[in-house]
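# Observations on the model geometry
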Amino acid sequence: IQRQFFGMVKLNDGRILAFKLGGGPVQLPPPAPNPDEFEQPPVIEASADTLKRGGELYQRRCGSCHGPYGMRGILPDLRRLSPAKHAIFKQIVWDGALIEKGMGSYRGDLTEEQVAAIQAYLAGEGRKLWDEAQARKARGEPAPRQVLPQ
């Protein structure tokens, strides 16, 4: 029997569920969205060195909050950024456009070139994920779900 993380099958962004014995029925969160359903990421041309540097920067600067890929949490999987979010990526990361939502500005911590390298890396990883999702759909396979180790 495979056990699944509750957060992988139900949309539970930022909620804590508490239950009381004999407390009656509880409305559960809606099902989590299909992880294969996201907009096609843009193509961002970058050298292999830039992509490698972007990946290293992601791990050091972004991974502690956005986490390892494939883990669904409260913060978004940045491989699945929409083209609209990619269009304002620098404003989000450098200028702090989402500061009111908890995403701080990295001006002073990262250069504009480093921000661009992270974005190119994320777009490249997003394209790989997109291609894998399209191949699964073509084969009629379901999207993978995170499962707990036995």
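Residues numbered from 1 in each chain as written. Predicted model: local features only at pLDDT ≥ 70, side-chain atom pairs only at ≥ 80, totals over all residues. Heavy atoms only, no water.

Turning to a nonpolar patch on the surface, a few remarks are in order. Together, Phe 19, Val 26 and Leu 28 make up a nonpolar patch on the protein surface, roughly 290 Å² of accessible area in all. In this fold, Leu 28 is placed in the loop between helix H1 (6-9) and helix H2 (48-66). (Patch = residues over 30% accessible without salt bridge, like charges linked within 9 Å, V, L, I, M, F, W, Y side chains within 5 Å. Areas by Shrake-Rupley, 256 points an atom, 1.4 Å probe, with all protein chains shown as cover. Salt bridge = Lys/Arg side-chain N within 4 Å of Asp/Glu carboxyl O. Helix = DSSP H or I, 4+ residues; strand = E, 2+ residues; numbered from the N terminus.)

Once that is clear, we can look at helix H5 (residues 112-139). Look at H5: 41 Å from first C-alpha to last across 28 residues, which is about the 40 Å you get at 1.5 Å a residue. The positive-phi residue at the C-terminal boundary of H5 is Gly 140, with phi of around 75 degrees. (Expected span 1.5 Å × (residues − 1).)

For the rest of this paragraph, the subject is the confidence of the model for the protein. In the predicted model, the protein carries a mean pLDDT of 84, and 81% of its residues have values of at least 70. Of all helices and strands in the protein, the one with the weakest mean pLDDT is H1 (50), whereas helix H4 (residues 89-93) scores best (97). (pLDDT = per-residue confidence, 0-100.)

Two numbers describe how H2 lies on H5: the axes approach to 7 Å, and their chain directions differ by 100 degrees. It follows that H2 is roughly perpendicular to H5 by the angle criterion. Of H5, the residues touching H2 (which contributes Thr 50, Leu 51, Arg 53, Gly 54, Gly 55, Leu 57, Tyr 58, Gln 59 and Cys 62) are Gln 114, Ala 117, Ile 118, Ala 120, Tyr 121 and Leu 122. (Axes fitted to C-alpha atoms, helices over the stretch in contact; angles between N-to-C directions. Parallel < 35°, antiparallel > 145°, perpendicular 65-115°, else oblique. Contact = heavy atoms within 4.5 Å.)

With that settled, the discussion passes to the environment of Ala 133. Within the fold, Ala 133 resides in helix H5. Between the C-alpha atom of Ala 133 and that of Pro 144, which follows or precedes it by 11 residues, the distance is 9.5 Å.

Positionally, Thr 50 belongs in helix H2. At a separation of 3.0 Å, a polar atom in the side chain of Thr 50 contacts the side chain of Ser 47. (Polar contact = N/O pair within 3.5 Å; in protein donor to acceptor, adjacent residues only side chain to side chain.)

Counting along an α-helix, one turn takes 3.6 residues, and residues three or four places apart therefore face a common direction. Over its 19 residues, H2 runs only 23 Å from end to end, short of the ideal 27 Å by more than 12%, given 1.5 Å per residue. When the local axis directions of H2 are compared, the greatest deviation, roughly 45 degrees, occurs at Arg 60. Burial in H2 covers these residues: Thr 50, Gly 54, Gly 55, Leu 57, Tyr 58, Cys 62, Gly 63 and His 66. Of the surrounding elements, those touching the buried residues of H2 are H5. Two residues or fewer past H2, Gly 67 is found with a positive phi of approximately 75 degrees. (Bend = angle between axes of the 7 residues up to and from the residue. Buried < 20%, exposed > 50% of the residue type's maximum accessible area, 1.4 Å probe, protein only.)

Residue placement: Tyr 121 occurs in helix H5. Tyr 121 sits 75 residues away from Ala 46 along the chain, and the two C-alpha atoms are 8.5 Å apart.

This part takes up the nonpolar core. Formed by 14 residues in total, the largest nonpolar core has its most connected members in Tyr 58, Phe 89, Val 93, Leu 110, Val 115, Ile 118 and Leu 122. Going through the elements one at a time, H2, H4 and H5 are the ones with two or more residues in this core. With four residues, H5 is the single largest residue contributor to this core. Filtering out sequence-adjacent residues up to four positions away, Ile 118 remains in contact with Gly 54, Leu 57, Tyr 58, Cys 62, Phe 89 and Leu 110. (Core = buried A, V, L, I, M, F, W, Y, C linked by side-chain atoms within 4.5 Å.)

Take the pattern of salt bridges next. Taken as a whole and assessed by the stated rule, the structure comprises eight salt bridges. With a closest N to O distance of 2.8 Å, Arg 139 and Glu 141 form a salt bridge. Here the salt bridges do not stand alone but share partners, grouping Asp 77, Arg 79 and Arg 80 into one network.

All right, on to the packing of aromatic side chains then. Evaluation of the coordinates by the stated rule reveals two aromatic pairs. Note on Phe 38 and Trp 130: the rings are 5.7 Å apart at their centroids and 80 degrees apart in plane angle, and the pair reads as edge-to-face. Within this pair, whereas Phe 38 is found in the loop between H1 and H2, its partner Trp 130 is found in helix H5, the two being separated by 92 residues in sequence. Here Phe 38 falls in the buried class, since its relative accessible area comes to 12%. An angle of 40 degrees between the planes, with centres 6.1 Å apart, marks the rings of Tyr 58 and Tyr 121 as tilted. Separated by 63 residues along the polypeptide, Tyr 58 in helix H2 and Tyr 121 in helix H5 bring together distant segments of the chain. The pair formed by Tyr 58 and Tyr 121 is uniform in burial state, with each residue classed as buried. (Phe/Tyr/Trp six-rings, centres within 6.5 Å; stacked < 30°, edge-to-face > 60°.)

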